[in-house]
Amino acid sequence: MESVYMKRAIELAKKGEGHVSPNPLVGAVIVKNESIIGEGYHGFYGGDHAEINALKNSTESVEGSTMYVTLEPCSHFGKTPPCVNAIVENNIKKVVIGLKDPNLLVSGRGIQILKSNGIEVVTSVLEDECKKLNEIFLKYITTKTPFVILKYAMTLDGKIATHIGDSKWISNSLSRKHVHEIRHKLSSIMVGIGTVLKDNPSLNTRLEDKEGLDPIRIIVDTKGRIPLDSKVINLKSSSRTIVATTELAPKDKLKALEDKDVEIIITPVKDSYVDLIYLLKSLGSKGIDSILLEGGSELSFSALQENIVDKVVAFISPKIIGGSSAKTPIGGTGIEFMKDAINLNNISLKTFNEDIMIEGYIEKE
């Protein structure tokens, strides 16, 4: 039954998607006499943790019960007091943990405190599922750089637009809705200046059935070419816009952008472009834990070449448009030899009516 209750805790944890960044997604279930008597999840950044909410929501005394929690209970003071204290004070008999805290500064400390207070502890229950649940947090807490998802949609013959640049729409409405759900879950979205000049996108989240949070909008613009009337820098949104540029951008243009409350990050020039590795570190230092990279093809290749991409989400539509000059998802100079191709692992497939979504992780050395 341990896996059954842990699966429920994972389901609860997902309810916090898009609201807890840069904290982890955590769910907790309290079981007594083989019945669930309390449930909780971390609902928003700065709010009570899953364990505290489960205790508050319990329908009877939790003394002698078992708590199932997706991540090791915290043992330090942050926005809230340590959860292990509340577990001990409420006389929980046993704690079943999905994943140990990945933060090396605190990992195992919560478990040790529980054990030292006579509480039985079981670890690594549905550990792989709990790791996937918090893949963003796992990277960010250990590297202080964002988890990067490269997303694109292409036709069956590998094109992202026709030879005249028309791209609306390659994927169907269900696929596009799923993309907005991904945007809701991640803290930021990144595109290159070419995409802004061509499509003039808003880069916000549009979900009909629930309130979607707009991601932080990041424009990679080496020479400061972004028009001042672009939608992305004039959008009424609670989320901010960042332009990542270099010393090649005109100073008066940067001043005009700042007057529009656009945040500027100036990176070194690397191979005539924005230094993406420098940029990722800067974004991480600002608490940005995840990026949805949506194009265009040149930026996508540069990101892959710099090895900053962690995951790829590709939508394939059963359409054929042809055209030797029609753009493909990944541009740039390309890779010369097949032996040097970038490989994906842990592949999964999902369909949205006739569209196929392929999801995989970049194979790291």
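Rules used throughout
- Residues numbered from 1 in each chain as written.
- Predicted model: local features only at pLDDT ≥ 70, side-chain atom pairs only at ≥ 80, totals over all residues.
- Heavy atoms only, no water.
- 1 Å grid on protein atoms, 1.4 Å probe; cavity = no way out; pocket = protein on both sides within 12 Å on 5 of 7 lines; lining within 4 Å.
- Points joined across faces, edges and corners; volume = space filled by probe spheres on them.
- Helix = DSSP H or I, 4+ residues; strand = E, 2+ residues; numbered from the N terminus.
- Nonpolar A, V, L, I, M, F, W, Y, C, P; charged D, E, K, R; others polar.
- Domains from an automatic or database assignment.
- Buried < 20%, exposed > 50% of the residue type's maximum accessible area, 1.4 Å probe, protein only.
- Pairing = 2+ DSSP bridges.
- Axes fitted to C-alpha atoms, helices over the stretch in contact; angles between N-to-C directions.
- Contact = heavy atoms within 4.5 Å.
- Buried area = accessible area lost by both parts, 1.4 Å probe.
- Salt bridge = Lys/Arg side-chain N within 4 Å of Asp/Glu carboxyl O.
- UniProt positions renumbered as here; feature names shortened; annotations may be inferred.
- Phe/Tyr/Trp six-rings, centres within 6.5 Å; stacked < 30°, edge-to-face > 60°.
- Lys NZ or Arg CZ within 6 Å of the ring centre and 35° of its normal.

**Some remarks on the layout of surface pockets**
Over the atoms rolls a probe the size of a water molecule, and its path tells where empty space is left.
Phase 1: If you add up the space inside the second largest pocket, you get close to 800 Å³.
Phase 2: Around the second largest pocket, the lining comprises 32 residues; the ones closest to its centre are Glu 17, Lys 132, Leu 133, Glu 135 and Lys 185.
Phase 3: Listed by contribution, the elements that provide at least two residues to the lining of the second largest pocket are helix H1 (2-13), helix H5 (127-133), helix H6 (135-143), helix H7 (173-185), strand E14 (311-317), strand E15 (344-352) and strand E16 (355-362).
Phase 4: In the lining of the second largest pocket, the residues fall into 12 nonpolar, eight polar and 12 charged.
Phase 5: Each of domain 1 (1-135) and domain 2 (144-362) gives at least three residues to the lining of the second largest pocket.

**Considering the pairing of strand E7 (residues 188-192)**
Phase 1: Among the five residues that make up E7, five are buried, leaving the element largely enclosed by the rest of the structure.
Phase 2: Pairing of E7 with strand E8 (residues 216-220), which is carried by five bridges, proceeds in the parallel orientation. The partner of Ile 189 across the bridge, within E8, is Arg 217.
Phase 3: Where E7 lies against strand E13 (residues 290-293), two bridges are found, and the strand directions are parallel. Across the sheet, the residue bridging to Met 190 is Leu 293, located in E13.

**Some remarks on the sheet that holds E7**
Phase 1: Pairing within the open sheet is mixed, and its nine strands lie in the order E10-E9-E8-E7-E13-E6-E14-E16-E15. Edge positions in the open sheet fall to strand E10 (263-266) and E15, since each of these has one partner strand only. Neighbour-to-neighbour, the strand axes of the sheet open up by a mean angle of 20°, direction not taken into account.
Phase 2: Of the pairings in the sheet, the one linking E14 to E16 comprises six bridges and is antiparallel in character. Residue Ala 314 lies in a different strand from E16, and its bridge partner there is Ile 358.
Phase 3: On top of the sheet, H6 reaches strand E6 (147-155), E13, E14 and E16; it is set at about 135° to E6, its chief contact.
Phase 4: Relative to the sheet, H7 contacts E6, E7, E13, E14, E15 and E16, its axis offset from that of E14 by approximately 165°.

**Some remarks on the sheet that holds strand E5 (residues 120-122)**
Phase 1: Across the sheet, five strands lie side by side as E2-E1-E3-E4-E5; this open sheet has mixed pairing. At either end of the open sheet lies a strand with only one pairing partner, and these are strand E2 (35-41) and E5. Mean inter-strand twist for the sheet, computed between neighbouring axes without regard to direction, equals 20°.
Phase 2: Across three bridges, strand E4 (residues 94-99) lies against E5 in parallel orientation. When the bridges of E5 are listed, Val 96 appears paired with Val 122.

**What to know about the domain arrangement of the chain**
Phase 1: Entries for the chain in the domain assignment read domain 1 (1-135) and domain 2 (144-362).
Phase 2: Using C-alpha coordinates to define each centre, domain 1 is positioned 35 Å away from domain 2.
Phase 3: Between domain 1 and domain 2, the residue contacts involve seven residues of the former and 10 residues of the latter.
Phase 4: Roughly 720 Å² of surface becomes buried between domain 1 and domain 2 when both sides are summed, with 45% attributable to carbon and sulfur atoms.
Phase 5: Scanning the region where domain 1 abuts domain 2 turns up three salt bridges.
Phase 6: The salt bridge involving Glu 135 is made with Lys 311; its shortest N-O contact spans 2.8 Å.

**Comments concerning the UniProt feature "active site" (unreviewed entry) in the chain**
Phase 1: The UniProt feature table records "active site" (unreviewed entry) at Glu 51.
Phase 2: Examined against the element boundaries, Glu 51 turns out to sit in helix H2 (residues 50-56).
Phase 3: By relative accessible area, which is 3% here, Glu 51 ends up buried.
Phase 4: Non-local contacts of Glu 51, meaning those with residues more than four positions away in its chain, are made with Ala 28, Met 67, Val 69, Leu 71, Pro 73, Cys 74, Cys 83 and Ile 87.

**Re the packing of aromatic side chains**
Phase 1: A complete count under the given rule lists two aromatic pairs for this structure.
Phase 2: Ring plane angle 45° and centroid distance 5.1 Å describe the contact between Tyr 5 and Tyr 68, whose orientation is recorded as tilted. Residue Tyr 5 is located in helix H1, and its partner Tyr 68 is located in strand E3 (residues 66-71); the two are separated by 63 residues in the primary sequence. You'll find Tyr 5 and Tyr 68 in the same group, each marked buried.
Phase 3: Ring geometry for Phe 315 versus Phe 352: centroids 6.0 Å apart, planes at 45°, classification tilted. Of this pair, Phe 315 sits in strand E14 while Phe 352 sits in strand E15, and the two are 37 residues apart along the sequence.
Phase 4: Under the relative-accessibility criterion, Phe 315 is labelled buried at 1%.
Phase 5: We classify Phe 352 as buried; its relative accessible area is 9%.
Phase 6: Note that Lys 168 overlies the ring of Trp 169, its terminal NZ or CZ placed 5.3 Å from the centroid.

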